[in-house]
Amino acid sequence: MSQPVGRVPQRRNARSNRARILATARQELGRNPDTTLEELARASGVVRRTLFGHFPGRAALLEALAEEAAEALQAAAAAGMQATEPAERALAHFSLSMWPVGDRYRMLLALAQRDLGTERVAEILEPARVKVTSILERGQRDGVFHSHLPPAVMGAGLEAMTVALLEQVNTGALEDDGTRTAVATLIAAGVPEKQARVVVDDLAAAVAAEAVADT
């Protein structure tokens, strides 16, 4: 049976509206976590009925953003790194690859515990946590990173530092394209500052090129 005339354009418009609503939500919720769905509809340039047709409530909208963030984190965690590269390069590569995802979805930081719940947040972050723990384990074995903390604990500390720096970007107190945070991450893991800067400078352009190629 052939599709009714106009069905494909309607579906295309629906996908476009949904993408525009989500993009607007990332921006507006970053400015004000309490932005209402009605305000998001106006900012998105759609009528209230259109927004609610895609997202029947705030929880549905936030879950859609969480799904986007989870997929992006999984892709970033799997991208680029080679198992044979030195641990300090792997950690820098990881940090640089994750930064654009964190920057894009940093508004979820203000909403995570209140709206998504601890378990959902942990589920989203799990692939990244597994990856960074593996890198830290290898770096400790190779004598590159401090060994006074278990890898998972050190990873939790580095994650908390990254979240804190993202929050500073969110408030406008810090400007960073990810390189400053990557250097800080290596230093916190035990890499001397001068070496950390050399590693990050060497990787930054390559990781940026990877990100462009993936878009």
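Below, the structure is looked at part by part. (Residues numbered from 1 in each chain as written. Predicted model: local features only at pLDDT ≥ 70, side-chain atom pairs only at ≥ 80, totals over all residues. Heavy atoms only, no water.)

Turning next to the nonpolar core. Formed by 52 residues in total, the largest nonpolar core has its most connected members in Leu61, Leu65, Leu91, Phe145 and Leu186. A per-element tally of this core places helix α4 (residues 58–78) first, with 10 residues. In contact with Leu65, not counting residues within four places along its chain, are Leu22, Ala25, Arg26, Leu29, Tyr105, Met107 and Leu108. (Core = buried A, V, L, I, M, F, W, Y, C linked by side-chain atoms within 4.5 Å. Buried < 20%, exposed > 50% of the residue type's maximum accessible area, 1.4 Å probe, protein only. Helix = DSSP H or I, 4+ residues; strand = E, 2+ residues; numbered from the N terminus. Contact = heavy atoms within 4.5 Å.)

Attention now moves to the packing of α4 against helix α5 (residues 87–104). Here α4 crosses α5 at 170°, and the two axes come no closer than 9 Å. Taken together, α4 and α5 sit at an angle that is classed as roughly antiparallel. On α5, the residues touching Ala69, Ala72, Leu73, Ala76 and Ala77 of α4 are Ser97, Met98 and Val101. In terms of residue class, the contact of α4 with α5 is made up of 7 nonpolar, 1 polar and no charged. (Axes fitted to C-alpha atoms, helices over the stretch in contact; angles between N-to-C directions. Parallel < 35°, antiparallel > 145°, perpendicular 65-115°, else oblique. Nonpolar A, V, L, I, M, F, W, Y, C, P; charged D, E, K, R; others polar.)

Here the largest pocket is characterised by a volume of approximately 780 Å³. Looking at the largest pocket, it is lined by 34 residues, and the ones nearest its centre are Leu73, Leu125, Glu159, Val163 and Leu166. Contributing elements (two or more residues each) for the lining of the largest pocket: α4, α5, α6 (107–116), α7 (118–141), α8 (151–171) and α9 (179–189). For the lining of the largest pocket, the class distribution of residues is 22 nonpolar, 8 polar and 4 charged. (1 Å grid on protein atoms, 1.4 Å probe; cavity = no way out; pocket = protein on both sides within 12 Å on 5 of 7 lines; lining within 4 Å. Points joined across faces, edges and corners; volume = space filled by probe spheres on them.)

With that settled, consider the environment of Thr36. Topologically, Thr36 is positioned in the loop between α1 (7–31) and α2 (37–44). Taking the C-alpha atoms as reference points, Thr36 and Gly57, separated by 21 residues in sequence, lie 10.0 Å from one another.

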